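Each chain, letter by letter, is given below.
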Amino acid sequence: MDSDAPEPAKSPAGGRAIYFDGTSNQRRAVTLRFADRLEIRDGDQVLAAWAYGDIRRADGPSGMLRASCLTAAALARLEIRDAAVAADLVSRSTGIDDNTPGRRGVATIVGWSLAAAVSIVAVVLFGVPLAAERLTPLVPDSFERRLGDVADRQVKAVFDAKLCDYAPGQQAFAKLVTAIREAADLDTSVQSGVLSTWVPNAFALPGGKVYLLSGLLAKAENADEIAGVLAHELGHLKHRDNMRGLIHNGGTSFLIGLLFGDITGSSALIFAARSLVTNSYTREAEQDADSFSIEIMHRLGRPTKPMGELLVRVTGKEAKGLSILSSHPLSADRLARMTREDRPASSPPLLTGEEWRALKMICSSAS
Ligand SMILES: [Zn+2]
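To keep things clear, this report deals only with the structure shown in the data block. (Residues numbered from 1 in each chain as written. Predicted model: local features only at pLDDT ≥ 70, side-chain atom pairs only at ≥ 80, totals over all residues. Heavy atoms only, no water.)

Thoughts on the overall build of the protein
No. 1: Regarding its fold elements, the protein presents 13 helices and 11 strands.
No. 2: Taking all 367 residues of the protein together, the buried fraction comes to 50%.
No. 3: Sequence separation of at least 24 residues holds for 66% of the intrachain contacts in the protein that already meet a minimum separation of 6.
No. 4: Approximately 17400 Å² of the protein is accessible, and the part contributed by carbon and sulfur atoms is 55%. (Helix = DSSP H or I, 4+ residues; strand = E, 2+ residues; numbered from the N terminus. Buried < 20%, exposed > 50% of the residue type's maximum accessible area, 1.4 Å probe, protein only. Contact = heavy atoms within 4.5 Å. Areas by Shrake-Rupley, 256 points an atom, 1.4 Å probe, with all protein chains shown as cover.)

See the structure below:
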């Protein structure tokens, strides 16, 4: 045979794919090369090389092989639409259907989710707020409620949180919420509850749900502190910040979830991670919610300073960056403002001493 133009060693097969590196949400068209490892290439650059034994099948739509790698970022994915290329990869990847969790514990996945969450903050900060402003008025209530329900389930699953149900505590909580809701001129569709979790926080969800987390309740010293926080959350609700917030906050994780076809797993973790790492309401929305809270407390004839004191108590004790409250406007600034706005109580306490003690025990029967 003619040998002066030696046939190059038959180049290992390969093909085209879409690659997500798992730490940014960039979608890259890549070339796969089946060498001794699977090389993921962009032109001459090898972006990653996955050992065949570490490649696993990830959930994906039919008609596509979606693969992850045990030694890559937890959210790194390859998407291969070419059936022949997919079949070739499957034949080389001996462990592709081994669904063992391997060394990746949940903690690692949470870690990576945090990394992913942090990396998408830039998108959220620079890309989504405008979209949220424009989209929010267009979102129908029914859709908002459905999103709220999804977020509700995610939040409960992620925090492994149960709704606290000690009856006298519930009655006290309902009394407090009702007083604030009526002063806020919000209708009775507002739902609220106390969730049992150590996280010191409170939040509003689309569709009109307000949750107080028992971690915050545990740190509160009187009903005015909690009333101020609840009024703040109702302020978000009234201004539909929650919808903006979800587009803004959950929206990105829902998008990521859709991207990876994993709405229940990693995206829920991202949602939680993001919620823990950063509150995505804008500073303006936070200040407006504080203004709202101040106004409500004035209407109720109750002091505004306690909420500020609670915020400082919580953010002072928690590790920086772990509490949502810590990324609100600086607690010290908020306390200063609430102290300026403080008026001596002109109405009796919102809860009796007995009711306050019952509220503090609301999670006592939750495991
Ligand atoms: Zn807020």
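Moving on, there is more to tell.
Here we look at the nonpolar core
No. 1: Ranked by size, the top nonpolar core spans 42 residues in total, and within it Leu176, Ile180, Leu212, Ile226, Leu230 and Leu359 carry the most contacts.
No. 2: Ranked by residue count, the leading element in this core is helix α7 (residues 223-238), at 8 residues.
No. 3: The next biggest cluster of nonpolar side chains, apart from the first, holds 23 residues, and it includes Ala48, Tyr52, Ile80 and Val85. (Core = buried A, V, L, I, M, F, W, Y, C linked by side-chain atoms within 4.5 Å.)

Structural notes on the sheet that holds strand β9 (residues 191-196)
Strand pairs in the sheet, formed through backbone hydrogen bonds, run parallel or antiparallel to each other.
No. 1: If you trace the 4 strands from one edge of the open sheet to the other, you get β8-β9-β11-β10, paired in mixed fashion. The outermost strands of the open sheet, each flanked by one partner alone, are β8 (162-163) and β10 (202-205).
No. 2: Of the strand pairs in this sheet, β9 and strand β11 (residues 209-213) are connected by 5 bridges, and their pairing is parallel. Within β11, the position partnered with glutamine 191 by the bridge is lysine 209. (Pairing = 2+ DSSP bridges.)

Quick notes on the state of the cysteines
No. 1: A full pass over the atoms with the stated rule returns 1 disulfide.
No. 2: For cysteine 164, the disulfide goes to cysteine 363, at an S-S distance of 1.9 Å. Between cysteine 164 and cysteine 363, the disulfide has an S-S torsion of 85° and is therefore right-handed. Note that cysteine 164 is positioned in the loop between β8 and α5 (167-183) and cysteine 363 in the segment after α13 (353-360), a separation of 199 residues in sequence. The two residues cysteine 164 and cysteine 363 agree in class, both being buried. (Disulfide = S-S within 2.5 Å.)

Digging into helix α12 (residues 331-340)
No. 1: Here α12 has its buried residues at Ser331, Arg334 and Met338. End-on, the buried residues of α12 take up no more than an arc of 60°, which puts them together on one face. The exposed set on the far side of α12, more than 90 degrees from its buried face, consists of Ala332 and Arg340. (Arc of directions from axis to C-beta.)

Here's the deal with the pairing of strand β7 (residues 77-80)
No. 1: Residues Arg77 and Glu79 of β7 are buried on one face, and the alternating residues Leu78 and Ile80, pointing to the opposite face, are buried as well.
No. 2: One ladder, built from 3 bridges, connects strand β6 (residues 65-69) with β7; its direction is antiparallel. Directly across from arginine 66, in β7, lies its bridge partner glutamate 79.

Some words on the pattern of salt bridges
No. 1: Enumeration according to the criterion identifies 12 salt bridges in this entry.
No. 2: For arginine 28, the salt bridge identified is with aspartate 42, shortest N-O distance 3.1 Å. With arginine 28 in strand β2 (residues 28-34) and aspartate 42 in strand β3 (residues 38-42), this residue pair connects regions lying 14 residues apart in the sequence.
No. 3: Under the relative-accessibility criterion, arginine 28 is labelled partly exposed at 23%. (Salt bridge = Lys/Arg side-chain N within 4 Å of Asp/Glu carboxyl O.)

Examining unusual backbone geometry
No. 1: Of note, aspartate 185 is a non-glycine position whose phi angle comes to about 60°, a positive value.
No. 2: With respect to the element layout, aspartate 185 can be found in the loop between α5 and β9.
No. 3: The exposure class assigned to aspartate 185 is exposed, which follows from its relative accessible area of 60%.

Structural notes on the environment of alanine 161
No. 1: Assignment of secondary structure puts alanine 161 in the loop between α4 (141-158) and β8.
No. 2: The sequence separation of alanine 161 and leucine 213 amounts to 52 residues, and the corresponding C-alpha distance is 8.8 Å.

Section: the packing of α7 against helix α10 (residues 283-299)
No. 1: One way to put it is that α7 packs onto α10 with a least axis distance of 8 Å and a crossing angle of 125°. Judged by the inter-axis angle, α7 sits oblique to α10. In this structure, the crossing between α7 and α10 has a hand that is right-handed. Facing Asp224, Ala227, Gly228, Ala231, His232, Leu234, Gly235, His236 and Lys238 of α7, the residues of α10 in contact are Ala285, Glu286, Ala289, Asp290, Phe292, Ser293, Ile296 and Met297.
No. 2: Here the contact of α7 with α10 is built from residues that sort into 8 nonpolar, 5 polar and 4 charged. (Axes fitted to C-alpha atoms, helices over the stretch in contact; angles between N-to-C directions. Parallel < 35°, antiparallel > 145°, perpendicular 65-115°, else oblique. Left-handed = near helix turned anticlockwise from the far one by under 90°. Nonpolar A, V, L, I, M, F, W, Y, C, P; charged D, E, K, R; others polar.)

Let's talk about helix α1 (residues 83-92)
No. 1: Among the residues of α1, those classed as buried are Val85, Ala86 and Leu89. Within α1, the buried residues cover an arc of 100° as seen down the axis, which keeps them to one side. The exposed residues of α1 that point more than 90 degrees off its buried face are Ala83, Ala84 and Ser91.
No. 2: Packed against the buried residues of α1 are β1 (14-20), β2, β3, β5 (55-57), β6 and β7.

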